[in-house]
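# A structural walkthrough
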Amino acid sequence: MTADGISIGVNHASPVPPYEQLRAQLADLIAVGRLGQGARLPSVRQLASDLGLANNTVVRAYRELEAAGLVESRRGSGTQVIAPSATTGIEVKLAEHTSAYAAARQLNATNDEALAAIRYALAHLDRP
């Protein structure tokens, strides 16, 4: 999906479930202010069609964003961003980013293996 210079995509070959890919991308766009408070998200049907997903996949991503307090869905009026991007706390941003790492559990990785991968990524973050 590309709208207003915002691009969202799903890698169907990824081990990360499509709903999580979508949720993480939208949460990141909200966190950095690319989707500001009051911005309307595409309808479930439209986004599912654009990305080649089932409607329920988009519904789940939107529900998770709603549970995180980032969007609000109203039947008949759609889904819009409610979290002000400029005041989103570090805890919310960390929670959104770390949930993608937690998806490593779906690779049958142990907690120790997932944490080791995160530590490795952090240690090599500033290296060229």
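As recorded in an unreviewed UniProt entry, the chain goes by GntR family transcriptional regulator and comes from Streptomyces rhizosphaericola.

Right, let's talk about the packing of aromatic side chains for a bit. Summed over all chains, the structure comprises 0 aromatic pairs. The ring of Tyr19 has Arg60 sitting right over it, with the charged end atom 3.7 Å from the ring centre.

Counting residues in hydrophobic clusters, the biggest one holds 23 residues, and the most contacted among them are Leu22, Leu26 and Leu35. Where this core is concerned, the elements lending two or more residues are helix H1 (18–31), helix H2 (44–51) and helix H3 (55–67). A per-element tally of this core places H1 first, with 6 residues. Here Leu26 is in contact with Ile8, Leu35, Leu41, Tyr62 and Leu65, once residues within four sequence places are set aside.

Of the two faces of strand E4 (residues 78–81), only the one carrying Thr79 and Val81 is buried; Gly78 and Gln80 on the other face are not. Sheet analysis places strand E3 (residues 71–74) next to E4, joined by 4 bridges and oriented antiparallel. Each residue of the ladder has a partner; that of Arg74, found in E4, is Gly78.

What follows deals with the environment of Arg63. Among the secondary structure elements, Arg63 is positioned in helix H3. Overall, the relative accessible area of 59% leaves Arg63 in the exposed class. Sequence separation between Arg63 and Thr79 is 16 residues, and the spatial gap between their C-alpha atoms is 9.9 Å.

So, about the pattern of salt bridges. The full count for this structure, using the stated rule, is 3 salt bridges. Its salt-bridge partner being Arg23, residue Glu20 comes within 2.6 Å of it at the nearest N-O pair. On the criterion of helical spacing, the pair formed by Glu20 and Arg23 is a turn pair, its members being 3 residues apart in helix H1. Taken as a pair, Glu20 and Arg23 share a single burial class, namely buried. Of the charged contacts, one joins Arg74 and Glu72 as a salt bridge, the two residues approaching to 3.4 Å between their closest N and O atoms. Given a relative accessible area of 53%, Arg74 falls into the exposed group.

Moving on, we come to the packing of H1 against H3. It is at 8 Å that the axes of H1 and H3 come closest, and there the two elements cross at 45 degrees. Comparing the axis directions of H1 and H3 gives the class oblique. The element H1 and its partner H3 pack so that their crossing is right-handed. Note on element contacts: H3 touches H1 through Thr57, Val58, Arg60, Ala61, Tyr62, Glu64 and Leu65, opposite Pro18, Tyr19, Leu22, Arg23, Leu26 and Ala27. Here the contact of H1 with H3 is built from residues that sort into 9 nonpolar, 1 polar and 3 charged.

Parameters and conventions
Residues numbered from 1 in each chain as written. Predicted model: local features only at pLDDT ≥ 70, side-chain atom pairs only at ≥ 80, totals over all residues. Heavy atoms only, no water. Phe/Tyr/Trp six-rings, centres within 6.5 Å; stacked < 30°, edge-to-face > 60°. Lys NZ or Arg CZ within 6 Å of the ring centre and 35° of its normal. Core = buried A, V, L, I, M, F, W, Y, C linked by side-chain atoms within 4.5 Å. Buried < 20%, exposed > 50% of the residue type's maximum accessible area, 1.4 Å probe, protein only. Helix = DSSP H or I, 4+ residues; strand = E, 2+ residues; numbered from the N terminus. Contact = heavy atoms within 4.5 Å. Pairing = 2+ DSSP bridges. Salt bridge = Lys/Arg side-chain N within 4 Å of Asp/Glu carboxyl O. Axes fitted to C-alpha atoms, helices over the stretch in contact; angles between N-to-C directions. Parallel < 35°, antiparallel > 145°, perpendicular 65-115°, else oblique. Left-handed = near helix turned anticlockwise from the far one by under 90°. Nonpolar A, V, L, I, M, F, W, Y, C, P; charged D, E, K, R; others polar.

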